[in-house]
Every structure is written in C-alpha cells, then in structure tokens.
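# Survey of secondary and tertiary structure
The residues making up each chain are set out below.
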Amino acid sequence: MTRRSTARTTRRLAGGVLLFTGVLLTSQCAPRSPDSARANASDAAAAAQKVYVAPGDLDPYYMFASGGHSGQVYVYGLPSMRHITTIPVFTPYPATGYGFDDESKKMLGNLTWGDVHHPSLSETNGEYDGRWLFVNEMNGRVARIDLRDFKTKQILGPVPNVSGNHGSAFVTPNSEYTMMASRFSIPIPKGTYASVDKYATDYKGVVAGIKIDPKSGEMSVGWQILTPPFDWDLGDAGKKASDGWMFWSSYNTERATGKLEVTASQRDRDYIAAVDWRAAEKAAADGKGTMIGGVRVLDPKAIPGLLYLLPCGKSPHGVDVSPDGKYIIGSGKLQSVTVAFSFDKIQAAIKNKDFTGDEDGIPVLKYESVKEAEVPVGLGPLHTQFGPDGMAYTSLFVDSAVASWKLGQWQVIDKIPVSYAIGHLSAAEGDTVSPDGVFLVALNKLSHGRHLPVGPSQPEASQLVDISQEKMKILTDAFTEPEPHYAQIIKADKLKPVEVYPKEENTHPLAVWDVKDVGVTRQGSKVTVKMVAVRSAFYPQTFEVNEGDTVTIAITNIEQTTDELHGFGLLDYNTNVVIDPGETKTITFVANKHGVFPYYCTNFCSALHQEMQGYFTVKPR
Ligand code: RUQ
Ligand code: CUA
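Everything numeric here is computed off the predicted structure, so don't read it as measured data. (Residues numbered from 1 in each chain as written. Chains lettered and ligands numbered in written order. Predicted model: local features only at pLDDT ≥ 70, side-chain atom pairs only at ≥ 80, totals over all residues. Heavy atoms only, no water.)

## So, the pattern of salt bridges
Between side chains of opposite charge, pairing is possible as soon as their charged atoms come close. Applying the stated criterion across every chain, the model contains 28 salt bridges. Of the charged contacts in the structure, one is a salt bridge between Glu-505 and Arg-148, with a shortest N-O distance of 2.8 Å. With Glu-505 in the loop between strand S31 (487–491) and strand S32 (519–523) and Arg-148 in the loop between strand S6 (141–146) and strand S7 (151–156), this residue pair connects regions lying 357 residues apart in the sequence. Accessibility expressed as a relative area gives 45% for Glu-505, which makes it partly exposed. The class for Arg-148 is partly exposed, based on a relative accessible area of 32%. The shortest N-O distance in the salt bridge between Asp-149 and Lys-153 comes to 2.8 Å. Connected through shared salt-bridge partners, Arg-255, Arg-267, Glu-359 and Asp-360 make up one network. (Salt bridge = Lys/Arg side-chain N within 4 Å of Asp/Glu carboxyl O. Helix = DSSP H or I, 4+ residues; strand = E, 2+ residues; numbered from the N terminus. Buried < 20%, exposed > 50% of the residue type's maximum accessible area, 1.4 Å probe, protein only.)

If you want it as structure tokens, here you go:
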C-alpha cells in the first residue's frame, strides 16, 4: 500500500467509517514483518495469476450485471473482470444509437430511464441455456435481451396494476415465466385515487406471472394475484423439488405509512410468500378471478391454494432457493442468522393446515413447522448464492462480509470481509440446479476510494472472490457505474453470438443492398430516403427535402465483415444511430429547420472514415 492511500484510509477512518475499522486496522495499519510482507507478495502474485487472462485469450465466463438506475446492463468477462460491453435497455445510449432510431424509440416509449435490478438468464431444465436475458425495472417493465446479438428485443410494460416492479425478473426453470411483484402498493387499477390514509384497506399489492413464448421469447402478461398492501421485495423460482412454486420476500406487513424505518419495523416477523404458480396458471385458464386494468387478477381468498405466507425475520430482503429446490433461504436483514425453510415441511404444513392465522384470508404457516435450520452467518444477511456440494454463500451488509456455509450442516465454514457494504453476490452459474463454484463476485455498494479519486460521485465496487477452496480469497477489485444490484454469471461456451447479420436474414422493407438502388422518394410531404453505408461513404452523399417534410431515412450497412460498424450522426437534428454489419435502421423526423446539415460516420471504420460524410439540405418554405 502506498503512503498516500494509507493516509487516505486513516483520514476516512477518523471521519467515522466505523463499520469496517476492525478489518482495516488489522489488515492495513498493523506494522508488517519482512516475513509477512513476503507472504503477502506471493499471495498477491497467486491472486494475480488467477485473474490474469493473457492478451488474445478469452475469459471462461460472462457476467451480466444490472446497471441499476443507469437503465443498462453491463457485460464483464470473468475472471479478468474486464468490462466488455454495455447493453442499453431502458435508457437511450448514443454509443450504439439506441433510443434514436425508430425501432428502439418505439420500444422505449415515453420513458427514458429505468432502474434495472435483477438480470435473469433463460433456463432449460434449471440450467442457463444462453438464449435470452430478462431484466426488470422499477417502472413496471421487463425487457428481453437476445443473447444471439446482445440486443434488447422487447420491453413489456408498464404492466397494469404492478407498481415498483422490484420482485422481478426471476425466470422459472424452463423459462415458462418471468415474474413481477409490486414494491409499492397502490389502489388498482393504476389511476385510481385513494388518500394515503386508506393505505391499509384500499391499497393493493400484486404478484404476477409474465408468460414467455418458448420459441420466440416474446413476453405477454399472464395472471396476477392480489395481495394485501405489503411491499414485495425479492423473489426466486422454485426448482427441482419445488418446481412450480415461486417465492417472494416482503416488508411492511404492518401495512404502515409514514416513516417506514420505524412504522414498518413494529412486528418481529414479516413474510415470504409461497405461490403455487401452476395453480395460478390453471385458475387463470379456467377463467377465474376478475379483469382489473385489462389483466386477469386472482384473489387468493376466493381461490384457496394459490398463496401461503411463511413467517420470516423482520424485513427480509433476498429469498433464494437451493439448487436441489429443497430449501428456501431468507432472513430478516437485521438478524444475525439466515433461515432455511424446508419445502417438504411447507407442503406438510399446508396439508395439515398447520396455520397460525391469516392475512386477508391468506393462510400463515407456523414458523416452527416450516423452519429447517437457522444458520448463524453474521449480521445483516441479504442474499444467498450457491456452489456445488451444498455450498452456500450469504452476503452480510452490516458485517460487510461474505459467509460460506453448507446446506444440511447449517454451520458457517468461512467468512471473508469485503470492501465495502455488500448487497448482492453472484456465483458462477449460481442460480442453476448445478452451480460451478470457482468464482463469486461481491457486488458492494460502496467503493470508498479504493480507486483513483473521481470526485464525490464514486463508482460501486465489485470484488472477485475465489471460492474454489474452503478458505475464500479476494482476488481483485473492479468498479462499475451505478448500480449493480444483481448479476448472473454464465459459462462463456453457452453463448454463440453472431458477428454480422447475414444478408439473407435482413427482411427490412426499406433495406437496399446495392448503391444503384438507393434514392429519395416522395409521397406528398413524406420523404423516404433509402441509404447505404459502406466503407467509406454514404449513398446518397447528399439529399434534399422541403422544410416541414416528414423524413424517414433507412440506412443499410451492407458490410458482411466483423466489426465494420457505421454511424450516422446528423448535426443539429439530435440524431445518431449506429448500424451493425447487415443491419437496417430507420430514423423518422420532421425537417423543421431549414439550412444545410452535415451528416457523418460516427463510428471509426476505416482509414478514410473521416471522409465518410454528406449533406442534408432543407429548402425554406
Ligand atoms: S436488491 S442490493 Cu434489487 Cu438486493 Cu439492490
Ligand atoms: Cu463508417 Cu466511420
């Protein structure tokens, strides 16, 4: 450690970062003997080797990390932790022209922000199959990214009745559904007014199944289940033993308003909901429930067997199903234990009506009857991920650490401090029925200057942890923009992305593949420009319209060579699109300013890239 960073750390400690002082003082400020310095150096060398991917070599894993309120998804290679690309989803992104062309603009609708939380890879038999990535966002939407080309293909929503879609986008083991849940209950359908004083009675929560077409991945609204006004937090789909069930954690089962920190912390226990989604699917298919906001909404009071509540420590956050599907892990986020609920015991309790009461007619199961074990992981357990052989890893926000433990033994095996304040964690293939172990990434909320200073707005820290041995080890630090709530890590060889769009697949009605077919056509005040982009020119190089015309420019990049992208930046008209090899994109706008407007290629493509330019002229009215 350099003197400068030691001084910084000390200042910061004096400034009151007390949570982590124990760790910092022992590991960073104690005097070092020459022996321990040597040991540290060889430790560092061993760690460096584990993350080093030689030039030209490829990482064996992809990590897809949520970009939080940036609205994007970030793609990393592991173990190098190199940021490879950004997939724009809910936010315009000039780097790829996303949100500027007609097709992506239409997908975004009127919203130009989203808060992406939980990426969920499509699955077949509980294994990531490398076809699609689903991501939720808080404005009641879910998106599908096609992993064939790493592009957003569909944004569904805002889905009616769902307000604050946090408990999403968890996919079921054969990608039957991606799930949704309301974090903020409201009177439904959306648009209904009721004073906040009526929160406990007139506001409703909703948990919902979004159907996925098995061939195309196209999503459509399935069914919704009406719930009391709890705040639904996170979810996970049952698998193997518990396939067909879905679990969501909740807070504010007090149904309180005001300062929730206080008002929603009165009870010792909140709940995990256990939803029989196959029963919900059947009830909806049988025409049960009522249409609210255009969606079939099922009332669990009227349709018994859909939904049960498991008492869980106060204000739980994550809920995670073990790879064999036998255990559901969750806990109060201020507890010092995490709890394994047994799926078998849940089923037995349901059968025996082992209930302690109900919430609006929804049965509450007896804690003692469904609890398998309490594992003393440490303070502030949030999320659990899994490795092979029953290994489990729980993030501890308050302790700022990861605890490893074993299913069935319920004992902590190891604990490792992270820097700092971990939220989620993600293990290689960690949500599948056969996790890989090997690596885990701690997705920390704070970075506290473990990087070059960049002003008050600091990145988040992600740390790669070696979990191949019983003793965990931090290998490297990486930083991200806001904010990786969750990530999933998939074996790289499961993905086979295309490098160009084959010409034969381009069915765009305005595509042209030969420069002799380009040109301008007019129908009244509607002007259509068919354009070709190819090294190193646009065809046509100039075109003219009249002020007030509606102009559609369809640009086809006729390259069939890897990496040969062209951009089309049109000055003063707020337009920039990037067209991949073999792709056609359209831009439509009204030529509401007369004059001469240069356009040029924004994506460096060849030695004569700078010459790739033209003029758009608009004749005054
Ligand atoms: S949540 S840590 Cu969506 Cu855990 Cu952020
Ligand atoms: Cu085409 Cu630069």
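## With respect to the packing of aromatic side chains
Two numbers describe a pair of aromatic rings. These are the distance of the centres and the angle of the planes. Enumeration over the complete set of coordinates arrives at 27 aromatic pairs. Ring centres 6.3 Å apart and planes at 90 degrees place the aromatic pair Tyr-61 and Phe-439 in the edge-to-face group. Taken as a pair, Tyr-61 in strand S1 (residues 61–66) and Phe-439 in strand S28 (residues 437–444) lie far apart in primary sequence, 378 residues in all. Considered together, Tyr-61 and Phe-439 belong to a single accessibility category, that of buried residues. Here the aromatic rings of Trp-405 and Trp-410 are separated by 6.1 Å at their centres, their planes lie at 40 degrees, and the arrangement is tilted. The same class applies to Trp-405 and to Trp-410, which are both buried. (Phe/Tyr/Trp six-rings, centres within 6.5 Å; stacked < 30°, edge-to-face > 60°.)

## Section: the layout of surface pockets
Empty space within the largest pocket amounts to approximately 1,700 Å³. In terms of lining residues, the largest pocket is bounded by 49 residues, among which Asp-149, Phe-150, Lys-151, Tyr-501 and Asp-580 are the most central. Breaking the lining of the largest pocket down by element, the ones donating at least two residues are S1, strand S2 (72–78), strand S3 (82–88), helix H4 (102–108), S7 and strand S39 (584–590). Sort the elements by how many residues they give to the lining of the largest pocket and S3 lands first, with six residues. For the lining of the largest pocket, the residue count by class is 22 nonpolar, 12 polar and 15 charged. (1 Å grid on protein atoms, 1.4 Å probe; cavity = no way out; pocket = protein on both sides within 12 Å on 5 of 7 lines; lining within 4 Å. Points joined across faces, edges and corners; volume = space filled by probe spheres on them. Nonpolar A, V, L, I, M, F, W, Y, C, P; charged D, E, K, R; others polar.)

## Re the pairing of S3
In this sheet, S3 lies alongside S2 in antiparallel orientation, the contact comprising six bridges. Directly across from Val-73, in S3, lies its bridge partner Ile-87. A loop of three residues connects S2 with S3, the two strands running antiparallel in sequence, and Met-81 in this loop sits at a positive phi of about 65 degrees. (Pairing = 2+ DSSP bridges.)

## Observations regarding empty space enclosed by the protein
Using the criterion set out here, one finds one cavity of 30 Å³ or more in the structure. As a volume, the largest cavity reaches approximately 210 Å³. In terms of lining, the largest cavity is formed by 23 residues, of which the most central are Phe-170, Gly-235, Asp-236, Asp-431 and Tyr-486. Within the residue set of the lining of the largest cavity, elements represented by two or more residues are strand S4 (120–124), strand S11 (231–237), strand S17 (316–321), strand S23 (381–386) and strand S27 (422–428). No other element matches the four residues that S11 contributes to the lining of the largest cavity. Counted by class, the lining of the largest cavity contains nine nonpolar, nine polar and five charged residues.

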